[in-house]
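Structure assessment
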Amino acid sequence: MSDMRLSDEERQDALDVLTEHVRTGRLDIDEYGVRSAKVTEAKLVSELIPLFEDLPSPRPSVLLAAPRAAAEPERVRESVLAGFAMRYALPISIAVSIAVLVLSRGRLFIVFALPVAALLLTGWRRR
């Protein structure tokens, strides 16, 4: 995310945040002038990072979005695994139940218990 190009709106947001830091007394006018010039000239998100490292909240929205973007692939992978489990848990449990029914010579209680156990083991839950 740090090599993404900045939009005009993102630069304006960064300038607004710097103005807020001046208003609260964290930056003086000279510091604001230097930093705002660098924000105006910035082309990449990575160029904004050093300008806000020593400042607390608020931060430009583009800098807040960067850590979350790094976490996205993990959430996507979790949802793919959950989708896989949801899609195949029931067919697998039915197939196993039929196999157990055939092998157990008609003991029906196993047929009803096995799908429930399979669904519990796969982490099935309602959404």
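The structure this text deals with has already been given above.
Residues numbered from 1 in each chain as written. Predicted model: local features only at pLDDT ≥ 70, side-chain atom pairs only at ≥ 80, totals over all residues. Heavy atoms only, no water.

Let's shift gears to the overall build of the protein. Scanning the protein from terminus to terminus reveals 5 helices and 0 strands. Residues classed as buried in the protein amount to 21% of the 127 residues present. Across the protein, every contact between residues at least 6 apart in sequence was considered, and the portion connecting residues at least 24 apart equals 58%. Put simply, the protein shows about 9,100 Å² of open surface, and 62% of that area lies on carbon and sulfur atoms. (Helix = DSSP H or I, 4+ residues; strand = E, 2+ residues; numbered from the N terminus. Buried < 20%, exposed > 50% of the residue type's maximum accessible area, 1.4 Å probe, protein only. Contact = heavy atoms within 4.5 Å. Areas by Shrake-Rupley, 256 points an atom, 1.4 Å probe, with all protein chains shown as cover.)

Bringing the environment of V39 into the picture now. Mapped onto the secondary structure, V39 falls in helix 2 (residues 29-41). Given a relative accessible area of 0%, V39 falls into the buried group. Separated by 26 residues in sequence, V39 and D13 place their C-alpha atoms 9.9 Å apart. Beyond its immediate stretch of four places on either side in the chain, V39 contacts R11, A14, L15, L18, L48, L51 and F52.

Next up on the list: helix 2. Under the 1.5 Å per step criterion, the end-to-end length of helix 2 is 18 Å for 13 residues, consistent within 8% with the ideal 18 Å. By the burial criterion, the buried members of helix 2 are R35, S36 and V39. Mapping the buried residues of helix 2 onto a view down its axis gives an arc of 105°, with all of them on the same face. Every exposed residue of helix 2 that faces more than 90 degrees away from the buried side is listed here: D30, T40 and E41. Next to the buried residues of helix 2 lie helix 1 (8-23) and helix 3 (49-52). (Expected span 1.5 Å × (residues − 1). Arc of directions from axis to C-beta.)

Let's shift gears to helix 1. Side chains of residues three or four places apart in an α-helix project in the same direction, reflecting 3.6 residues per turn. Helix length check: helix 1 (16 residues) gives 23 Å between terminal C-alpha atoms against 22 Å at 1.5 Å per residue, within 8%. Among all positions of helix 1, only R11, A14, L15, V17, L18 and H21 are buried. Looking straight down helix 1, one finds that the buried residues subtend no more than 160° of arc, so they occupy a single side. Along helix 1, the residues that are exposed and aim more than 90 degrees away from the buried face are D8, E9 and R23. For helix 1, the elements touching its buried residues are helix 2 and helix 3. G25 lies just past helix 1 and shows a positive phi near 90°.

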